[in-house]
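Structural features, examined
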Amino acid sequence: MRLSTLRHACRNLPTPSVHQPRTGVRVFGLAKSSLPLGPSSNSQLLLRAASSVSGTTSAEKAPKLGKQTDGPGYENTIRENVQRTKEEMVALQRGHPALKPTLAIIQADEDDRLLELNKKMAGKIGLNVTQICLPRECTEDEIIEEVLKLNEDPRVHGVYLHLPPASLTSRVLNTLRPEKDVDGVSDLNVGRLVRGDMNQGFIPPLANAVMELLARHDTPMEGRIVLVVGGEGPLGVALQCLMQRRGMVVLHSRRSSEVLQKQANAVVLLAAGHMDVPPTWLRPGTAVIHCGSALMTDHGMEMSGVGPLTAALRMQNVVQSSSRWAQGQQYRPWTLRSLKLQPLSPVPSDIEISRAQTPKPVDQLAQEIGLLQEETEAYGRTKAKVRLSLLDRLREQPDGKYVLVAGITPTPLGEGKSTVVIGLVQALSAHLKLNSFACLRQPSQGPTFGVKGGAAGGGYAQVIPMEEFNLHLTGDIHAITAANNLVAAAIDARMLHEATQKDKALYSRLVPSVNGVRRFSPIQISRLRRLGISEIDPSALTPQEVSSFVRLDLDPAKVTWQRVVDTNDRFLRKITVGQASTEKGHVRETQFDIAVASEIMAILALADGLGDMKTRLGRMVVGSSRSGQPVTAEDLGVSGALAVLMKDAIKPTLMQTLEGSPVFVHAGPFANIAHGNSSVLADKLALKLVGEDGFVVTEAGFGADIGMEKFFNIKCRASGLRPNVVVLVATVRALKMHGGGPNVSAGSPLPREYIDENLSLVGKGCSSNLRKQIQIAHLFGVPVVVALNVFKTDTQAEIDLVCQMAKESGASDAVPCHHWARGGRGSVELAQAVKQAGSQPSHFQFLYSQETPIVEKIRMIAQKVYGADDIELSPEAQAKIDYYNQQGYGKLPICMAKTHLSLSHMPEKKGTPTGFTLPIRDIRASIGAGFIYPLVGTMSTMPGLPTRPCFYDIDLDPVTEEITGLF
């Protein structure tokens, strides 16, 4: 037994003396407590208890002992209970080797005798014991504070409150979680006992011990008359329930009564105090069980303690609680309740559709998909963060099928990939009754108030509430903005301080004396180690070591870190900082990027846990020193603070679709200069939750040549996950554009070619761009299902032509989808096609090996994915490649930054461009995220606002607080 003693020392008291009762009457009693016990003392006794594990008392299983003497028989009863509990313990730990069943004892009582008895019994069973000692005069709030801590501690499986009677208030007892209430004293556990529902409850062990002792008496249980003295509290209720269930007649009295005792076959003294039981009051053969104190008689009666049996039964409850906890950690089948849709025609606006549906409370949704209560953190009624502990709990659970939704090269209007994801998941869950999860990126505020609008899907395939989805959500992007700009502030401040201070002054400020003592912080010790300095005494460094330590020597011209803001603001594309007189002339040019373009966003999307995220944040390269050495966030001393800012953002946000299917919303990296996918963690959590036969549907940004290629080569490489199916989204209007149709732009009316039937344009678009995108997916060995996102202007002939040509181009299937107008019912055919394709073997492979040189990786992507003849490196790009190879970054995957509007680097080149050379003007590295990104042509990382942004239509009703204008 392991015993950890906390807060206050607890003293041991001597074992009490035992009085010998008169022969001829069987008496079992607890050793007399030193505490004053009166009519209201039942709670104290009750809390010195444990219970049966199955809802049937051990007394109901115990054999009749006939004329056996009380002492040996009683010892056998204890021994049998202990042995049975030990066997249960061995079986439990055989199935769960890492589980350490633990009993926590909160003590505020000077009498340690019962406490030591329980600790001794726990040792016999093999339980761990944690003891928390409080002053006897502790307040109710102090006790509740400790109880709440134990409630949240997953290592504790049972709590025993060894407290004075006055401290055992209803508020204290009912604060304790019922599943840890091994004394069975909370209102819920007593109610379960009365109702006969003991699958989750506990029988109070003292009541259980009384029943075991009554079962040893010669008189049959059925019809026995039992007088219970002092049974007004929960213990009395529990005992009466157990007795009546065995057919006994129960009499009650506050005090021991001669009249009532002469009627009884058995007397149970629950009330404590100095209660004499004169022999003339007892019928011959009456069993007397004294639970409060030793009987104060001088007739030399034989007596055995109820305490050891009660303690044994308490430990039995702890083992049962541990077993239930272990069972609760297993995968839970879904009980998903779908929400009904009643689609209208014409289809109302997105926000009207969203408001017409009442979402399930998020805690109900979490329960339906098998999440434990402690695994969610609610943010209001309809969204919640999900803790990463879920991955540990379901570590052995097989993953479900992994489906990626990508697209053909899009028009500036977008082709509805997010809408397809949601429609497909609604079809799988609500209509095919298969566990399915959508994993989407969090939308940036920039497009929401700019041109594109929100990203919650559309029509009857949306995430709801769409206002919350599109605005702030749970603040992840704000956390990224704060973390990113903290790094930027640290860079400029450090360059200023190094430029204006000598080594000694700088060292004194970086390692200050606090109360006469100077110490390096842990992150400074890490920097010393990287510099090869083993000394940790600040006074022992040489002048050269001090200089190396304090001077990062960042070259202002080689700082690569930018500030970010989550707004489209073109005037921040190039700025000058340091113009105030306080900056002493340290002026430099820099810029702002949009927040989702931050490397911290890419790290959030690729990290597989808090530790991995912290490591990645530390190794972010923010620039180079004048000597050409990379300078990292850890060198700046800021990486720990970044992890603190990001500790909640790393948890995916749980929401739901219009039909009540679960959605994880997490991360939203810029798809041009990052990988443009939702997070690894969201996908991993969802794959565990859906189960082996379920489906997780996630989305890649832009066309398959960008988002899908990066998903495979970067995200799958980082996560170890392998996709089963690619759903390639196409629209008739995009295919017409690739077939030679005129350009389209957001906010402008569509040309007639996109409204009227035009089979020629559709056919040309299919034979060029659609065919090429299917071929790109096949490069990675994954089957493709084409989802034609149908618009009301599409004709049946155009739809049929697309599906026919897609299959001829190598798609496993191609189906029209009507989820925008019909919800999940409109994508049932797609769901069936995905299910069929997912049952086929996948032969996934990467496009290139990590060992392939940087230049060859870029060339393979350009030639095999984009269709270029070759690549052309600028001198600056070649110099960067040489530098990255020298620094050991050559094995990182490639994340191409190019336009999403064409397979080539030329946005105006539609279809499948050929005969071009891909120009690489520069190459940068996101070392923390773990990739190198070549810049193809001119790439903007800060979008601008159009003449008429979306915010013209967005408004708030100050009375109802309803938002209007979102789409």
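Nothing here was measured: the structure is a model prediction, and the numbers come from that model.

**Some details on the nonpolar core**
- Judged by nonpolar contacts, the single largest core of 148 residues is most densely connected at Phe-437, Leu-654, Phe-664, Phe-712, Leu-770 and Leu-918.
- It is helix 18 (residues 476–500) that contributes the most residues to this core, nine residues altogether.
- In this view, Leu-918 contacts Ala-862, Tyr-866, Ala-868, Asp-870, Ile-871, Glu-872, Met-896, His-905 and Val-936; residues no more than four positions away in its chain are not counted.
- Formed by 55 residues, the second largest nonpolar core is a distinct cluster that contains Tyr-74, Leu-115, Leu-239 and Ala-287.

**Focus on the packing of helix 8 (residues 205–215) against helix 9 (residues 234–245)**
- At a closest axis distance of 9 Å, the pairing of helix 8 and helix 9 adopts a crossing angle of 35°. Considering only the axes of helix 8 and helix 9, their crossing is right-handed. Counting all contacts with helix 8, which are made through Leu-206, Ala-207, Val-210, Met-211 and Leu-214, the residues of helix 9 involved are Leu-235, Leu-239, Leu-242 and Met-243.
- Residue composition of the contact of helix 8 with helix 9, by class: nine nonpolar, no polar and no charged.

**As for empty space enclosed by the protein**
- Under the counting rule described, the total for this entry stands at three cavities of 30 Å³ or more.
- Taken as a whole, the largest cavity spans an internal volume of roughly 80 Å³.
- Taken together, Gln-442, Pro-443, Gln-445, Phe-469, Asn-470, Leu-471, His-472, Ile-477, His-478 and Asp-566 make up the lining of the largest cavity.
- Elements with a contribution of two residues or more to the lining of the largest cavity: helix 17 (466–470) and helix 18.
- Grouping the amino acids of the lining of the largest cavity by side-chain chemistry returns four nonpolar, five polar and one charged.

**Things to note about the packing of aromatic side chains**
- If you walk through the whole model with that rule in mind, you get 13 aromatic pairs.
- On the numbers, 5.6 Å between centres and 70° between planes, the contact of Phe-711 with Phe-712 is edge-to-face.
- A connected cluster of aromatic rings, assembled from ring pairs, spans Tyr-402, Phe-711, Phe-712, Phe-780, Phe-844 and Phe-846.
- Arg-314 extends its terminal NZ or CZ atom over the ring of Tyr-160, reaching a point 4.0 Å from the ring centre.
- One cation-aromatic arrangement involves Arg-324 over Phe-202; the distance from NZ or CZ to the ring centre is 4.6 Å.

**Regarding the pattern of salt bridges**
- This model, assessed by the stated rule, comprises 40 salt bridges.
- Arg-494 is paired through a salt bridge with Glu-498; the nearest N and O atoms lie 3.0 Å apart. Taken together, the residues span about one helical turn, with Arg-494 and Glu-498 both in helix 18 at a distance of four residues. In this pair, the class of Arg-494 matches that of Glu-498, namely buried.
- Notably, a salt bridge pairs Lys-736 with Glu-798, separated by 2.9 Å at the nearest N-O pair. In this pair, Lys-736 sits in helix 28 (residues 732–738) while Glu-798 sits in helix 30 (residues 796–808), placing the two residues 62 residues apart along the sequence.
- Exposure remark for Lys-736: the relative accessible area of 1% places this residue in the buried category.
- The structure contains a network of salt bridges with shared partners spanning Glu-377, Arg-387, Lys-647, Asp-648 and Lys-651.

**A short note on the pairing of strand 7 (residues 249–253)**
- Across five bridges, the pairing between strand 6 (residues 225–229) and strand 7 is parallel. For Val-229, the partnering residue across the bridge sits in strand 7 and is Ser-253.
- In this fold, strand 6 hands off to helix 9, which returns the chain to strand 7; that crossover is right-handed.

**Brief notes about the sheet that holds strand 32 (residues 870–873)**
- If you walk across this open sheet you meet the three strands as 32-33-34, and the pairing is mixed. Because the sheet does not close on itself, it has two edges, and the strands there are strand 32 and strand 34 (931–936). Between one strand and the next, the sheet's axes are offset by a mean angle of 50°, whatever the strand orientation.

**Thoughts on a nonpolar patch on the surface**
- Side chains of Leu-413, Leu-750 and Ile-755 sit close together on the surface and give an oily, nonpolar patch of about 190 Å² of accessible area.
- Residue placement: Leu-413 occurs in the loop between strand 13 (401–407) and helix 15 (417–431).
- A relative accessible area of 31% places Leu-413 in the partly exposed class.

**Focus on the environment of Ile-132**
- Mapped onto the elements of the fold, Ile-132 is located in strand 4 (residues 128–133).
- You can call Ile-132 buried: its relative accessible area is 3%.
- Spatially, the C-alpha atoms of Ile-132 and His-162 are 10.0 Å apart, while their sequence positions differ by 30 residues.

**Describing the pairing of strand 31 (residues 813–817)**
- Summarising burial for strand 31: four of the five residues are buried, a large majority.
- One ladder, built from five bridges, connects strand 30 (residues 784–789) with strand 31; its direction is parallel. Across the sheet, Ala-787 pairs through a bridge with Val-815, a residue of strand 31.
- The handedness of the strand 30 to strand 31 crossover, carried by helix 30, is right-handed.

What counts as what
Residues numbered from 1 in each chain as written. Predicted model: local features only at pLDDT ≥ 70, side-chain atom pairs only at ≥ 80, totals over all residues. Heavy atoms only, no water. Core = buried A, V, L, I, M, F, W, Y, C linked by side-chain atoms within 4.5 Å. Buried < 20%, exposed > 50% of the residue type's maximum accessible area, 1.4 Å probe, protein only. Helix = DSSP H or I, 4+ residues; strand = E, 2+ residues; numbered from the N terminus. Contact = heavy atoms within 4.5 Å. Axes fitted to C-alpha atoms, helices over the stretch in contact; angles between N-to-C directions. Left-handed = near helix turned anticlockwise from the far one by under 90°. Nonpolar A, V, L, I, M, F, W, Y, C, P; charged D, E, K, R; others polar. 1 Å grid on protein atoms, 1.4 Å probe; cavity = no way out; pocket = protein on both sides within 12 Å on 5 of 7 lines; lining within 4 Å. Points joined across faces, edges and corners; volume = space filled by probe spheres on them. Phe/Tyr/Trp six-rings, centres within 6.5 Å; stacked < 30°, edge-to-face > 60°. Lys NZ or Arg CZ within 6 Å of the ring centre and 35° of its normal. Salt bridge = Lys/Arg side-chain N within 4 Å of Asp/Glu carboxyl O. Pairing = 2+ DSSP bridges. Right-handed = clockwise from strand over helix to strand, strands pointing away. Patch = residues over 30% accessible without salt bridge, like charges linked within 9 Å, V, L, I, M, F, W, Y side chains within 5 Å. Areas by Shrake-Rupley, 256 points an atom, 1.4 Å probe, with all protein chains shown as cover.

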